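# Architecture at a glance
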Amino acid sequence: MGAAETDGVSYERLIAVARAADASLTRRRFLQVGGLSVVALSALGPWLAAEAAPPVLVLPQAKGLVLADPTKCVGCRRCELACTEFNDGKAAPSMARIKIARNMNFGPRGAFLGREGQGTWGNGLVVQDVCRQCADAACAAACPVQAISAKSPANARVVDETKCVGCRTCVSACPFRMMAFDEEIGRATKCTLCDGTPKCVDACPAAALRYVAWREISGTSGLGPRPVERRDA
Amino acid sequence: MATVGGWAGKVLRVDLSTGRTRTDDTIERYRDVIGGTGLGYAVLWDEVAAGTRPYDAGNKVIFGVGPLAGTGAPCNGRTAITTLWPTCWPTPLVGTGHMGGQFAAELKYAGYDGLVIEGKADRPVWLSISDDRVEILDAHEFWGQGIRRTAVEISQRLGAEAAVAAIGQAGENLVPLSVVMTGYSHSAGGVGSVLGGKNLKAIGVRGTGRLRIAGSTAEWERVVKRHLSLLGANNQHVVPDSPQPWAEFYDPGSRWKAAPGRQWGAASVPVDTGSCDPKDLNRIAYRTNNAVHYLGDIAWKYTVRGNGCTGCPVRCHTMIRVPAAAAKYGIPEMGQNTCGGLNFGRSFFKEFPDGPRGQTAVEACMVGMHLADDLGLWCNYSQLQRDFKKLYYDGTIRTKLSAGEFKGYAWSTYEKGDPAFLFDLLPRLARREGELGLAMGLGTGGLLDRWGLSETEWAADHELQYWKMGHPKHHANEDAGQCGVILNTQYNRDAQCHSHANFTRNGLPLAVQKQIAAEVWGSPDAVDAVQAYTPMNVAKARMAKWSLLRKELHDSMSLCNWMGPWIASPLKERGYRGDDSIESLLYSLVTGDKKSREELDLAAERIFLLHRALTIRDMGTKEMRARHDTIPQWVFKDGAGKPAFSKGTIRMGEADIAIAMDLFYREMGWDTVTGAPTRAAYERAGLAHVAQALGEKGLLP
Amino acid sequence: METHECGAAAPSDTGSRDWDAATNVVAQIVRKLSGAGRFAAVADIREELEGLALLPEAAEEASAALDEILRAALTAHSDLVPVEEGAGEPRFYSSEFMTKAYAGLLLRKAGDRLHLIAETVRENSALYPRPLPLGAFEQPPFSLTRDEILACVRGMAGEKAFRDIAGTRTSAGNDYLYSTAHLEPDHAASLAEWIDVGQYDNP
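Here, residues in each chain are numbered from 1, in the same order as that chain's written sequence. Written order determines the labels here, with chains lettered from A and ligands numbered from 1. Selection of residues for local features in this predicted model requires a pLDDT of at least 70, selection of side-chain atom pairs for listing and counting requires 80 or more, and totals for whole chains, interfaces and linings are taken over all residues. To get the side-chain values, all heavy atoms of the structure are used, and hydrogens and water are removed first.

## Regarding the overall build of chain B
- Assigned secondary structure in chain B consists of 30 helices and 20 strands.
- Over its C-alpha trace chain B gives a radius of gyration of 24 Å, about what one expects of a compact globule, namely 27 Å for 701 residues.
- Counting across all 701 residues of chain B, residues that qualify as buried make up 71%.
- Any two residues whose heavy atoms approach within 4.5 Å are treated as being in contact. Long-range contacts, defined as pairs at least 24 residues apart, comprise 65% of the intrachain contacts of chain B with a sequence gap of at least 6.
- Accessibility throughout is a Shrake-Rupley quantity obtained with a 1.4 Å probe, and a residue counts as covered only by protein chains that appear here. Carbon and sulfur atoms make up 49% of the accessible area of chain B, which totals about 20,000 Å². Secondary structure elements follow DSSP: runs of H or I of four or more residues count as helices, runs of E of two or more count as strands, with numbering from the N terminus. Note on method: radius of gyration uses C-alpha positions; expected globular size equals 2.2 Å times residues raised to 0.38. Note on exposure labels: buried denotes an accessible area under 20% of the residue type's maximum, exposed denotes more than 50%, and partly exposed covers the range between, all computed with a 1.4 Å probe on protein chains only.

If you want it as structure tokens, here you go:
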């Protein structure tokens, strides 16, 4: 794999990052390992796994994001149903990767009497919870077996079921509580952007969801992969 | 359950007398009756003896849903609640109430296709279902509270996602005109007091499970999209209410209200409903606005958004925010409901100072929903309000009440059309307080008895819309001539059948309706122009049979009969045809049990035959034609004396209706003299054991 | 400007690429306006093409080009329909986004108001059949004021050409119009009552 083909980031930059983790790493050794995909990087384990510093996980940015408009959500949950029915062959909103039910009745504050909340029992607003496809994905960082990675073509952060051991660390790690868990097979699961044509967006009868191309406006690193500090023990 | 899709697999049985719960295997015991009303009728037939009364411990309440409930099949969120009906008069018989919301789906995700409540608790209880953890819990802190506080407090225990069905004070006090409610605005009429009689305050359900879709994901997605593509607006109205560029037709009476410039004005940021080309499946939720449909254009500025059942894109409930109502009456700003529920408060009043579609009408609706949906009162399809108006204005109420009680009501506010009057009346109905509070809550049958009023007089008065056995008509000849009349004879409460009315009111030109009618029922003569009816024919009998069977099929599968069937669609490129096999497509793919349209219709026939058999058994007669399938006199009259079958009247002819009943019984394979199903009819539907039991009692023709 | 066979691809010939682009732009603008309930006038199309620099600058050449482009667009896109009626500049709509029935309403609207109302009322009385509330004419595409509608109704009274147009008032106090050529008075009256009052009492 040529040095130039590294998801838009120069390998020099990656070397610099990797060196920060392990100063003994040479360029030659780095190239010997192989490609600079995320999976390959994880194979650097013995090199980068430090006595002190944790290994580096690099995720290319997701190509797009599901953008939700709560002013239009009508609380029908067809997005939840599309997610699991059209992907998993079952109606299982409890493992839907877009989440409506938890905000639908009362809003994020939960059940209380009084009209100051959201949802059906409040002001009507339903905030659709969507996966942010975080650049520095906490779920991926937390996974002890590196089962979560960016999957081409959409680069959504995706759980590899063959690697997942069902420990649920990612479920705890996600600050937005967006991980789902398939109890039937004992594996974590999460929004995959349906590889670029999200079923939830297609299913919404109120056009309250859009799939929007990612535009990095933070002015820092552009569309390249960003290093993430591993957070395992 | 490994091989079957859709069904969750178990029916939960709760015995409130013993406190024990157990489960039945759905497929083993109930597959042939599918679920919903089928499950309800089957349990009543097998387990509740003739002569049982609604508040006896021996009565059962069956919350039934079907294999499609909780899936992505469009329009699947209804729960059918079947029991011995308190307002069925003079003999309580089988009846079903329906509620929407999230309950059906949540029950399925918890692992149940139905819930059978048996016996009677010795003190107030509520039922907690959290997946397979089922508990009967003490409800003393909820008893005496309204539905809303109960629902919120149970949600705090089971989780914000829980679905709660509860009765209010009306149900607790055994007011026959009472409901079970779920999800803020979804009521099941008529069954509240049966739960009250069992001391069951509420059922809370939390389900985290899954339902298998037997068919391939690709095929399922295709069929779901096919169904979505055929949907119209609420009640399957398939044309918009005003000319739209994409539309060939329009109908000012259509519930399809969306248009550019018409906005959900009270949303946090106003949302334009816009042009809703039927090919745009991402705009289905904008089509319907029932607040505007009933209250007029004034309601646009109050509309927050649509709401409704799990998985349904139609959103036939409208959420409205009316700050003026909050300021004037001290009620919440937000209200939501549809149809009879929305109009509960308004229907009491003869008129409002600012007309039928002004601000006061809106406020009356807000006050009515706030009170009735918390107290848990039922309107009996607005028969309560019609009876009330008549009895007030003809002076009967004044004569029946003591002077003291009569003075205790602010009648001047009532006559002025002031919604504040509802604060006087509705709580007293829920508490059975005073003669008026007690009598008006009995339902029309009980009211006629108690006040010595004449049913004949009720049946002669067109304005009262009374039909029989204590209940009003529901989509009778005003909607569909003889077909409507036939359907209204068949039930023990107002007929909850919309199959025919959805079609006749869909807004398409008569010529197109006739073409579709020819394809579905064999002749264009199945439908007439409204109020230009022609004599009875076989095609109309077929339409009646189809309407009836599809109603039972929907109520058993969990499909919404307020939306289906789907024989017409908004698609010009399909000639406005829908798909008469959509139920078969959905059922077969979800369950993996391939059933054709005809096979499902046979299942529906089996289900309705159980209803018929129960009615015959519990009435103790096979003389259904003479004693049950009756028709009120107003159907055969016209205020201006116009003859039947002239233009501008809905008047039917007695001889013609006799033919209509003959043809209907023949279509059903029943005996035309008695109107009772024959042994052969039961056997053809796989109900030989039912025929046997009836035969032993001499109840077969 | 060279003329090209419509659709002929000549990668090195910028004129041909503009041609395809131009016909696509024509289709787009016609469809967009149709979706919004309007005919596309030649002026609309010209403005769009000029904005994208797809027309030559010289006025005479531009005119000729526009004619060619329009002809080519109609051939290339079968949903584009020229509006046959009416004098003046040609107009177009897209049958994918506007029905013939709606186009007919727009044409009717361009004429005099009395005929607009009368023809629409006749159409409703014949087709569905049903009377129409006066309020229907306040909605788009009619968008008349209440006063204008009432003036038309008064204008029709006694006129031979509108002899068949009659009215009926419901118990809610709303007026409906119908054509006696297609609906009998009793039928129209009871239908109006049903539409205005009855069906809401029978939800």
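## Comments concerning the pairing of strand β16 (residues 303-307) of chain B
Residues and elements named next belong to chain B.
- The buried fraction of β16 is high, at 5 of 5 residues.
- Strand pairing follows a simple DSSP-based rule, namely that at least 2 bridges must link the two strands. In this structure, β16 lies alongside strand β17 (residues 317-321), joined through 4 bridges in antiparallel fashion. From the neighbouring strand, R305 faces β17, where its bridge partner is M319.

## Concerning the sheet that holds strand β1 (residues 10-15) of chain B
Residue and element names in this part refer to chain B.
- The strand order β2-β1-β6-β3-β4-β5 describes an open sheet built from 6 strands, whose pairing is mixed. Bordering the open sheet on either side are β2 (20-25) and β5 (94-99), each of which pairs with just one other strand. Geometrically, the sheet is characterised by an average inter-axis angle of 20 degrees between neighbouring strands, direction not taken into account.
- Of the pairings in the sheet, the one linking β1 to strand β6 (residues 112-118) comprises 6 bridges and is parallel in character. When the sheet's bridge partners are listed, R13 is paired in β6 with V116. Throughout, an axis means a line fitted to C-alpha atoms (over the contacting stretch in the case of helices), and angles, computed between N-to-C directions, take values from 0 to 180 degrees.

## A short note on the interface of chain B and chain A
- Contacts between chain B and chain A engage 56 residues on the former and 46 residues on the latter.
- A pairing counts as a salt bridge when a side-chain nitrogen of Lys or Arg comes within 4 Å of a carboxyl oxygen of Asp or Glu. At the surface where chain B touches chain A, the tally comes to 2 salt bridges.
- We note a salt bridge from K225 of chain B to D202 of chain A, for which the minimum N-O separation is 2.6 Å.
- As used in this structure description, the phrase polar contact means that two N or O atoms lie within 3.5 Å; if the pair is within protein, one of them must be able to donate a hydrogen and the other to accept it, and residues adjacent in sequence are counted only when both atoms belong to side chains. Taken together, the links from chain B to chain A amount to 29 residue pairs in polar contact (both at pLDDT 80 or more).
- Only α3 (103-110), α4 (147-158), β13 (211-212), α7 (217-230), α8 (284-287), β16, β17 and β18 (334-337) of chain B provide two or more residues apiece to the side of chain B that touches chain A.
- Residue composition of the side of chain B that touches chain A, by class: 27 nonpolar, 17 polar and 12 charged.
- Bridge count for strand β3 (residues 90-91) of chain A against β13 of chain B is 2 bridges, and the pairing is antiparallel. The partner of K90 of chain A across the bridge, within β13 of chain B, is R212 of chain B. Residue polarity is assigned by list, with Asp, Glu, Lys and Arg as charged and Ala, Val, Leu, Ile, Met, Phe, Trp, Tyr, Cys and Pro as nonpolar; anything else, Gly included, falls into the polar class.

## So, the arrangement of the chains
- The assembly contains 2 pairs of chains in contact; the pair sharing the most contacts is chains A and B.
- Over all C-alpha pairs, chain A and chain C never come within contact, reaching a minimum spacing of 18 Å.

## Concerning the packing of helix α12 (residues 359-375) of chain B against helix α17 (residues 421-431) of chain B
All names here are of chain B.
- For the pair α12 and α17, the least separation of the axes is 10 Å and the interaxial angle reads 20 degrees. Of the possible angle classes, the one that applies to α12 and α17 is roughly parallel. The interaxial crossing formed by α12 with α17 has right-handed handedness. Contacts between α12 and α17 involve A364, V367, G368, L371, A372 and L375 on the former and, on the latter, L422, F423, L426, P427 and A430.
- When its residues are assigned to classes, the contact of α12 with α17 shows 10 nonpolar, 1 polar and no charged. Angles below 35 degrees are treated as roughly parallel, those above 145 as roughly antiparallel, those between 65 and 115 as roughly perpendicular, and all remaining angles as oblique. A clockwise turn of the near helix away from the far one marks a right-handed crossing, whereas an anticlockwise turn of less than a right angle marks a left-handed crossing.

## Structural notes on the domain arrangement of chain B
All names here are of chain B.
- We note that the domain assignment places domain 1 (10-206), domain 2 (218-453) and domain 3 (474-696) within chain B.
- Computed from C-alpha coordinates alone, the two centres of domain 1 and domain 3 are separated by 28 Å.
- Counting residues at the interface gives 37 residues for domain 1, matched by 37 residues for domain 3.
- Here domain 1 and domain 3 share an interface that buries about 3,000 Å² over both sides, 67% of which is from carbon and sulfur atoms.
- Considering only the surface of domain 1 that becomes buried against domain 3, Y41, W45 and L68 emerge as the three largest contributors, covering 26% of it.
- Applying the counting criterion to the domain 1 and domain 3 interface returns 1 salt bridge.
- The partner of D593 in a salt bridge is R31, and the shortest N-O contact between them spans 3.6 Å.
- Our count for the contact surface shared by domain 1 and domain 3 stands at 16 residue pairs in polar contact (both at pLDDT 80 or more).
- When contributions to the side of domain 1 that touches domain 3 are tallied by element, the ones reaching two or more residues are α2 (36-47), β4 (79-84) and β5. Per the annotation, domain bounds derive from an automatic or database assignment of domains. Summed over both partners, buried area is the accessible surface (1.4 Å probe) that two parts give up on being assembled.

## Examining the sheet that holds strand β1 (residues 40-41) of chain C
Residues and elements named next belong to chain C.
- Read from one edge of the open sheet, 3 strands run β1-β3-β2, paired in antiparallel fashion. Strands at the two margins of the open sheet, each flanked by one partner only, are β1 and β2 (80-82).
- Pairing between β2 and strand β3 (residues 91-94): 3 bridges, direction antiparallel. When the sheet's bridge partners are listed, L80 is paired in β3 with S94.

## As for the interface of chain C and chain B
- Each side of the interface is counted separately: chain C has 35 residues, and chain B has 44 residues.
- Summed over both partners, the interface of chain C with chain B comes to about 3,000 Å²; 53% of that surface belongs to carbon and sulfur atoms.
- Of all residues in chain C, the largest losses of buried area upon contact with chain B belong to Y128, Y200 and P203 of chain C, amounting jointly to 23% of the total for that side.
- At the boundary of chain C and chain B, one finds 2 salt bridges.
- In this structure, R130 of chain C engages D251 of chain B in a salt bridge whose closest nitrogen and oxygen atoms are separated by 3.6 Å.
- Taken together, the connections running from chain C to chain B amount to 19 residue pairs in polar contact (both at pLDDT 80 or more).
- Where the side of chain C that touches chain B is concerned, the elements lending two or more residues are α1 (14-35), α4 (100-110), α5 (113-127), β4 (132-133) and α7 (185-201) of chain C.
- Top contributing element to the side of chain C that touches chain B by residue count: α7 of chain C, with 8 residues.
- Class assignment for the residues of the side of chain C that touches chain B results in 19 nonpolar, 11 polar and 5 charged.

## Some words on α4 of chain C
- Those residues of α4 of chain C that fall on the buried side of the exposure criterion are Y102, A103, L105, L106, L107 and R108 of chain C.
- Where the residues of α4 of chain C are buried, they touch β3 and α5 of chain C.

## Points about the pattern of salt bridges
- Tallied over the entire structure, the rule returns 70 salt bridges over all chains.
- The salt bridge partner of E184 of chain A is K90 of chain A, with a shortest N-O separation of 2.5 Å. Taken as a pair, E184 of chain A in the loop between β6 (180-182) and β7 (187-189) and K90 of chain A in strand β3 lie far apart in primary sequence, 94 residues in all.
- On the accessibility criterion, E184 of chain A (48% relative accessible area) is partly exposed.
- Relative accessible area serves as the criterion here: at 6%, K90 of chain A is assigned to the buried category.
- In this structure, R29 of chain B and E47 of chain B form a salt bridge, with 3.8 Å as the shortest nitrogen-oxygen distance. In this pair, R29 of chain B is assigned in helix α1 (residues 26-30) and E47 of chain B in helix α2, connecting sequence segments 18 residues apart.
- Using a relative accessible area of 43% as the deciding quantity, one classes R29 of chain B as partly exposed.
- On the basis of relative accessible area, E47 of chain B is assigned to the partly exposed category, the value being 25%.
- One connected set of salt bridges, linked through shared partners, spans R13, R22, D24, R29, E47, K60 and E118 of chain B.

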